[in-house]
Amino acid sequence: MFTAGIDVGSVATKVVLLNENGVSYYLERPTGWNPRQASHEAYQELLHRARLDEAAVTAVVATGYGRIVLSFADWTATEITCHARGARYLVPEASLVIDIGGQDSKVIRIAPNGRVLDFVMNDKCAAGTGRFLTVLATALGVEVGELGALGREAEPAAINSMCTVFAESEVVGLLAEGVPKEQIARGLHEAIARRLASMAKRLGYAPGAPIAFTGGVARNPGVRQALEKRLGVPLVAPELCQFSGALGAALLARERPPGRPATGHRG
Ligand code: ADP
């Protein structure tokens, strides 16, 4: 039995195919300006790789900001519900999830069965999101995927503004003063960690218990390191960190027969 989950994100569309043995295929595509087309192409590519036709998939659940545009999903579920479920599957020992995506960040407290107990979300501005790092990586002349490896040992430069536009001006100013890129990169990781650590502290977390770190930004080891230092607990970024929402959607598709809509949380 196969089920599929699709997370139509602001930056990337992620698709996961699940069977009784676990995740069988997954892939991501840029969402671009047309989420409907991106999600359709990503799903067709997934089926092609798995050598399946659509009838072989018993249910498809969509999540992410673009979930409402999908015509082939059986139902939709909120990001909070799907990320909680996916993170619990990937990091079973975690009771807290920090997820940093392209245009929002969230901290979710979860029950042992993956149910959401509480959450806080920042979706009002780019501060503390992947967008912040993408814009500032460009200002530094590096790819966002290279930022994490830069300056893990360097002394962090002070980045005072969390507003992406002002932070960009600060970065340009620091470069003009000759401050090394490594120090600036470290300063950016500290800035984003400061924001997320205060959200996690607001929600509360158990000292010593590992935290699941998901979303595309969890692929950045510099942010993980900075968050671990601030929170004093280990963060576990699973290999499929960016796919946790799509995976959660595929798990929901497996648990609920078609025709019974999911309920969930805002987000
Ligand atoms: P969304 O669901 O909003 O599309 P994602 O969870 O897919 O967001 O994360 C996208 C973000 O992940 C990008 O904005 C970028 O900052 C970050 N990202 C993507 N790939 C990498 C990478 N290889 N290393 C570090 N960060 C990355």
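No experiment lies behind these values; they were computed from the predicted model shown.

Here we look at the environment of Ala12
Thinking step 1. Topologically, Ala12 is positioned in strand β2 (residues 12–19).
Thinking step 2. Since its relative accessible area comes to 4%, Ala12 is described here as buried.
Thinking step 3. Linking Ala12 and Val120, residues 108 residues apart in sequence, is a C-alpha distance of 22 Å.
Thinking step 4. In this structure Ala12 touches Asp7, Glu28, Arg29, Pro30, Thr31 and Gln242, once residues within four positions along its chain are discounted.

Quick word on the layout of surface pockets
Thinking step 1. Put simply, the largest pocket is a space of about 780 Å³.
Thinking step 2. What lines the largest pocket is a set of 38 residues, and nearest its centre among them are Val11, Gly101, Gly102, Gly216 and Gln242.
Thinking step 3. When residues of the lining of the largest pocket are traced back to their parent elements, those giving at least two are β1 (2–8), β2, β3 (22–30), α2 (79–90), β6 (96–100), α3 (130–140) and α4 (144–147).
Thinking step 4. Residue contributions to the lining of the largest pocket peak at four residues, all from α3.

Some remarks on the sheet that holds strand β7 (residues 105–110)
Thinking step 1. Pairing is mixed in the open sheet, where five strands are placed in the order β8-β7-β6-β9-β10. In the strand order of this sheet, the two ends are held by β8 (116–122) and β10 (235–236), each with one partner.
Thinking step 2. Bridge count for β7 against β8 is six bridges, and the pairing is antiparallel. Across the sheet, residue Ile110 finds its bridge partner in β8, namely Val116.
Thinking step 3. Packed on one face of the sheet, α2 meets β6, β7, β8 and β9 (211–214) and runs near 60° to β7.

Procedures and definitions
Residues numbered from 1 in each chain as written. Predicted model: local features only at pLDDT ≥ 70, side-chain atom pairs only at ≥ 80, totals over all residues. Heavy atoms only, no water. Helix = DSSP H or I, 4+ residues; strand = E, 2+ residues; numbered from the N terminus. Buried < 20%, exposed > 50% of the residue type's maximum accessible area, 1.4 Å probe, protein only. Contact = heavy atoms within 4.5 Å. 1 Å grid on protein atoms, 1.4 Å probe; cavity = no way out; pocket = protein on both sides within 12 Å on 5 of 7 lines; lining within 4 Å. Points joined across faces, edges and corners; volume = space filled by probe spheres on them. Pairing = 2+ DSSP bridges. Axes fitted to C-alpha atoms, helices over the stretch in contact; angles between N-to-C directions.

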